[in-house]
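Fold and contact review
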Amino acid sequence: MLNRSQADWIHLDIMDGVFVPNISFGMPVIKRVRQLSEKPLDVHLMIVQPERYIHTFREMGADLLTVHWEASTHLHRTISQIKEEDMLAGVALNPHTPVAGLEDIINDVNLVLIMSVNPGFGGQKFIERSLHKISELREMIKRNKSEALIEVDGGVCRDNIAAIVKAGADAVVAGNAVFKSEDPEAAIQSLKQV
Ligand code: ZN
């Protein structure tokens with residue numbers, strides 16, 4: 001269905017039960033998705049010490065690898081390592097993490113992921129404050145002449161996607177809005193129309 005759909009990427013949430021209070025899935029599932037999918041794999045690591053697995057995720061077929069700002073002590077090094085493995089490098093911010101902390105890395109990352117719910121579980125409500133963070137980040141990107149894309153993850157649905165895009169998002173992640181819908185392919189199409 002996803003291969004047929006208008007989705008641009010397949011977003012995979014990897015949870016380790018330590019950085020977030022939930023465990024999702026690991027390497028064998030990603031490998032299988034890679035075999036079945038014709039779309040780029042956008043892998044979002046909600047794990048501690050993500051630098052340990054950069055090479056492994058490349059081998060599993062990730063095209064874009066996003067690590068959490070809060071989980072990366074040496075973020076600049078981790079971002080460089082991801083790019084050295086020929087992947088696009090992203091950094092994710094939890095809802096409480098200010099955008100200002102990205103000023104010194106904004107020209108090095110390919111993508112910034114704004115978490116618009118607390119990571120760990122699907123089906124949560126979009127945190128409205130995220131819209132302000134998206135606009136603030138858009139201004140920072142412009143000011144620094146960065147080419148980083150803004151991705152928004154959590155609680156995205158048909159009702160709020162227009163405001164998210166208007167605030168400056170380039171990419172949105174939709175989980176429940178697609179997979180809890182009766183016709184997931186039509187749900188993707190409807191989100192893409194905005
Ligand atoms: Zn995610």
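Summary of the structure given here. (Residues numbered from 1 in each chain as written. Predicted model: local features only at pLDDT ≥ 70, side-chain atom pairs only at ≥ 80, totals over all residues. Heavy atoms only, no water.)

**Section: the coordination of the zinc ion**
Put simply, the ideal angle at a metal is 109.5 degrees for four donors in tetrahedral geometry and 90 or 180 degrees for six donors in octahedral geometry. Only His11 (NE2), Asp13 (OD), His44 (ND1) and Asp153 (OD) from the protein reach the zinc ion as donors, at distances of 1.9 to 2.1 Å. Ordering the donors of the zinc ion by residue number gives the pattern H-x1-D-x30-H-x108-D. With a gap of 31 residues between them, Asp13 in strand E1 (residues 10-15) and His44 in strand E2 (residues 41-46) connect regions that are remote in the sequence. Exposure remark for Asp13: the relative accessible area of 23% places this residue in the partly exposed category. (Donors = N, O, S within 2.8 Å, 3.2 Å for Na, K, Ca; no water. Helix = DSSP H or I, 4+ residues; strand = E, 2+ residues; numbered from the N terminus. Buried < 20%, exposed > 50% of the residue type's maximum accessible area, 1.4 Å probe, protein only.)

**A closer look at the pattern of salt bridges**
Applying the stated criterion across every chain, the model contains five salt bridges. Notably, a salt bridge pairs Glu185 with Arg4, separated by 3.0 Å at the nearest N-O pair. Here Arg4 lies in the segment before E1 and Glu185 lies in helix H7 (residues 184-192), a separation of 181 residues in the sequence. With a relative accessible area of 27%, Glu185 lands in the partly exposed category. Residue class for Arg4 comes out exposed when judged on its relative accessible area of 60%. Between Glu103 and Arg143 there is a salt bridge, and its shortest N-O distance comes to 2.9 Å. Taken together, the residues Glu103 in the loop between strand E4 (88-93) and strand E5 (111-115) and Arg143 in helix H4 (residues 130-143) connect sequence positions 40 residues apart. Taking the relative accessible area as the measure of exposure, Arg143 reaches 51% and is therefore exposed. (Salt bridge = Lys/Arg side-chain N within 4 Å of Asp/Glu carboxyl O.)

**Some thoughts on unusual backbone geometry**
Phi at Gln49 is positive, roughly 45 degrees, even though this residue is not glycine. Along the chain, the position of Gln49 falls in the loop between E2 and helix H2 (54-60).

**Remarks on the nonpolar core**
Most often, soluble globular proteins keep nonpolar side chains buried together rather than apart. Val43, Leu65 and Leu137 are the most contacted members of the largest nonpolar core, which has 45 residues in total. For Leu65, the contacting residues outside a window of four places in its chain are Val43, Leu45, Ile54, Phe57, Ile82, Met87, Leu88, Ala89 and Gly90. Listed in part, the six residues of the second largest apolar core include Ala92, Leu111, Leu113 and Val117. (Core = buried A, V, L, I, M, F, W, Y, C linked by side-chain atoms within 4.5 Å. Contact = heavy atoms within 4.5 Å.)

**Some words on the side chain of Thr78**
Position of Thr78 relative to the elements: it lies in helix H3 (residues 75-84). The class for Thr78 is buried, based on a relative accessible area of 3%. If we ignore the near neighbours within four places in the chain, the residues touching Thr78 are Glu51, Ile54 and Val67.

**Looking at the side chain of His11**
Note that His11 resides in strand E1. Polar contacts involving the side chain of His11 include one to the side chain of His44, which spans 3.4 Å. At 3.1 Å, the side chain of His11 and the side chain of Asp153 are in polar contact. In this view, His11 contacts Asp42, His44, Leu113, Glu151, Asp153 and Val173; residues no more than four positions away in its chain are not counted. (Polar contact = N/O pair within 3.5 Å; in protein donor to acceptor, adjacent residues only side chain to side chain.)

**Notes on the sheet that holds E1**
Pairing between the strands of a sheet is mediated by backbone hydrogen bonds and can be parallel or antiparallel. Read from one edge to the other, the open sheet built from seven strands follows the order E1-E2-E3-E4-E5-E6-E7, with strand pairing classed as parallel. What marks the edges here is a single partner per strand, and that holds for E1 and strand E7 (171-173). In this sheet, adjacent strand axes meet at a mean angle of 25 degrees when their direction is disregarded. Note: E1 against E2, six bridges, orientation parallel. By the bridge assignment for E2, Leu12 is matched with Val43. Packing of H4 onto the sheet brings it into contact with E4, E5 and strand E6 (149-153), and relative to E5 it is tilted by some 165 degrees. (Pairing = 2+ DSSP bridges. Axes fitted to C-alpha atoms, helices over the stretch in contact; angles between N-to-C directions.)

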